Every structure is written in structure tokens, then in C-alpha cells.
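Structure assessment
Chain by chain, the residues run as shown.
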Amino acid sequence: MKNPKRYLVTSALPYANGPLHLGHIAGAYLPADIYVRYLKLKGEDVAFICGSDEHGVPITLRARKEGVSPQDIVDKYHEMIKNSFAELGIAFDIYHRTSDPLHHETASAFFKEMNEKGEFIEKEEEQFFDEQEQQFLADRYIIGTCPKCGFENAYGDQCEKCGTSLSPKELINPKSTLSGNPPILKTTKHWYLDLEKYQHEWLEKWIDSHKSDWKANVYGQCKSWLNSGLQPRAVTRDLDWGVPVPLPNSEGKVLYVWFDAPIGYISATKAWAKENGKNWKDYWQSDDSRLIHFIGKDNIVFHCLIFPAMLKAHGDYILPDNVPANEFLNLEGEKLSTSRNWAVWIHEYLKRQRFYMEGFPDPQ
Ligand SMILES: [Zn+2]
């Protein structure tokens, strides 16, 4: 876009389930910060938006393991992540969070609007249910024997031993991790985003129009998803942590975390606008605004296909103008990873940095 009136720049919302590492910074935060500083030096009108992504199953699992509430987990890591960014000098205009009531309100209204427009497919299906705990089981709450390699503690979505992607019904002798009992199958209803329809109506054409102005890795990954054909994706889950589905008779259901998290950019912009006497709609709903998402490459599908599909289906929003995604940073030849504890942790790096600056000996 030539000569936009204002810029909305977002950095991927860090997942509030662990501290930040150097790979995160190099991918989605440092490049965005440099870009925003450049725009601001030029005197442009810019909102630089970020915040913590605080819903989803990994957080509920961690809370259970540590014997605390999901809110305790996200409170701890939200503070830690927020402080790390501040100390590094990454200058967001706002660092918000998705457990905030303003976000719940915004995500609910977004879902309702799409539902009223008939954009969802409603489907009933059978899912594993723990009778003792009286709740449906997320894939990660089910373990059993891997049908490929025989590993006895494979999760419902993946075997960690052989790496095979699984669905819970493929597990041999499935067990609930809540009660230890074999789960039963029970019917439940979910709402699906019809990505297959959007692909044919406009999404494919829109991606093609960015062949020359998006990074080759981003465009290439989008094309490969499109070539294998998008399928409808459920936007709701049976879970007790998240944004409740705002419809009658949907107790125990929440918006799936990938549906509510990108809406976090919108609620963060609202919170920032309120504090600064701005109108958030100028940034999200005006054709003379330019929206740019900085992300890591594992987020390409969400920011280039799924979130644009949501924005367009809702109808009031602009689409991203560019989605610069970076490749992963390697440490001694291997990809940085939170789950494998292979990383340079930012809060530790900052602590060492402070010791050096203040002339104390090396803390180790
Ligand atoms: Zn396996």
C-alpha cells in the first residue's frame, strides 16, 4: 500500500506457559521493534501491539501438574514475559493479555457476529469423555499405546517417541489422565470455520496477489497448505479454561485458543486506544491503515490463512498487508525449544547482563 495514514504492527502473542527465549526475540520481536522505531522516527502514526496468549490446554495441564489454577500459571508468566520485554527495551505501545475481561468481551462479540452471519458449520461428533470427572477430554488429556511404535504413553494428538501425529481414537487402550479410567465416547457439538469454502471464494486469489511482496518462505508455506486443500476447522473446544462460547446451551465449551488468540491483537488495540484518546477502529477497520504481523514461522498458517479468513468473514476488518515470518534460530545447530529446554532464556540472560553492567562477578 502506498502512503498509508497509519500503521498497526503486531508481534506474535507469547504463550504464557514458560519464559521467553532468544529464538522468540530474534523471530518476532526485535525485527518488529526495529521497524516500529524506524516508522516513528519518520513521524508515522503507529500502534505497536502485543500481549500474552493465556488460554489453551498446555496451560491447564501445567496448572494441574503444579496443583495451582490456570490463572496462577498465566499470572506468573505474563509478569515474567512483560518484564523481560521491558528490560530488553522492546517498546510495545501496549502489552496486554487474553485473560483480561476486555478480551473476553471482544472475542465473544467477534464469535457472535460470525455466528449471526451464518459463517460457522455446526457439527455433532463423538468425543472421549471421562465419566468420573464428568468432562470431555482434550487430546492431550488422553494417553494410550501408539499404534505405530507400541509406546505406551502416547498422547491423543501425538506420540512423543516416534513423532507420529495421532487422533485419540487411534490409541490402543486409551486412558484419561484425569481419573486413569478408560474414557467413553459421547456426542458433543462444535462450531467449524469453513476454510474450504473461503479457499475457493477468495483466499487462494488473495494469497496469489502477494506472490511478489511477501517473503518467499511465507508465500511458499501458504501455497503448500492451499495445494493440499483447506478443511473446515473447529473453533470451539470442550474445556473449562478460555472464552466461553457465548450461545445458549453451550456450557462447558470455550473458543479454541487459536480462534481467540489473534483477536487478542484487537482487544489490545482497544485497551491502548482507550488509554491514549485514539479510536481503535481507525487502525483495524479503515482502508488507509496498514496491518503488519511479525511472527515466527510456526505461526504462518494462523496469520496468513485462518485469521484473515476470520477477519473477512466477520466483515468489518482490513486484512494484513504483510506477514514477515522468520525462520527458527538455532543453538549449536539445533532448533531452540521451550519443551526440550534447549534455549538461551531471556530472564537469565538479563540477570547476567545486570551483573556485568554493575561490575559484579559472573553469577555462575
Ligand atoms: Zn509411536
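Keep in mind that this is a model prediction, so the values were computed, not measured. (Residues numbered from 1 in each chain as written. Predicted model: local features only at pLDDT ≥ 70, side-chain atom pairs only at ≥ 80, totals over all residues. Heavy atoms only, no water.)

So, the sheet that holds strand S8 (residues 172–176)
Strand pairing in a sheet relies on backbone hydrogen bonds. The paired strands run either parallel or antiparallel. Across the sheet, which stays open at both edges, the 3 strands sit in the order S7-S6-S8 with antiparallel pairing between neighbours. With partners counted over all chains shown, the strands left at the sheet margins are strand S7 (154–155) and S8, one partner each. The pairing of strand S6 (residues 142–145) with S7 spans 2 bridges and is classified as antiparallel. Each residue of the ladder has a partner; that of Gly144, found in S7, is Ala154. (Pairing = 2+ DSSP bridges. Helix = DSSP H or I, 4+ residues; strand = E, 2+ residues; numbered from the N terminus.)

Brief notes about the layout of surface pockets
Each pocket or cavity is described by its volume, and for the second largest pocket that value is around 160 Å³. Considering the residues around the second largest pocket, the lining is formed by Phe129, Gln134, Gln135, Phe136, Lys186, Asp238, Leu239, Asp240, Glu251 and Gly252. Class assignment of the residues belonging to the lining of the second largest pocket gives a composition of 3 nonpolar, 3 polar and 4 charged. (1 Å grid on protein atoms, 1.4 Å probe; cavity = no way out; pocket = protein on both sides within 12 Å on 5 of 7 lines; lining within 4 Å. Points joined across faces, edges and corners; volume = space filled by probe spheres on them. Nonpolar A, V, L, I, M, F, W, Y, C, P; charged D, E, K, R; others polar.)

Points about the domain arrangement of the protein chain
Many structure descriptions define interface size as the accessible area lost when the parts assemble. If you check the domain split of the protein chain, you get domain 1 (6–115 + 260–357) and domain 2 (123–187). Here domain 1 and domain 2 have C-alpha centroids that lie 31 Å from each other. Tallying the contact residues gives 4 residues for domain 1 and 4 residues for domain 2. Summed over both partners, the interface of domain 1 with domain 2 comes to about 410 Å²; 66% of that surface belongs to carbon and sulfur atoms. Contact with domain 2 buries area across many residues of domain 1, yet Val57, Leu61 and Arg64 alone supply 90% of it, more than any other trio. There are 0 salt bridges connecting domain 1 and domain 2. Where domain 1 touches domain 2, the interface holds 1 residue pair in polar contact (both at pLDDT 80 or more). (Domains from an automatic or database assignment. Contact = heavy atoms within 4.5 Å. Buried area = accessible area lost by both parts, 1.4 Å probe. Salt bridge = Lys/Arg side-chain N within 4 Å of Asp/Glu carboxyl O. Polar contact = N/O pair within 3.5 Å; in protein donor to acceptor, adjacent residues only side chain to side chain.)

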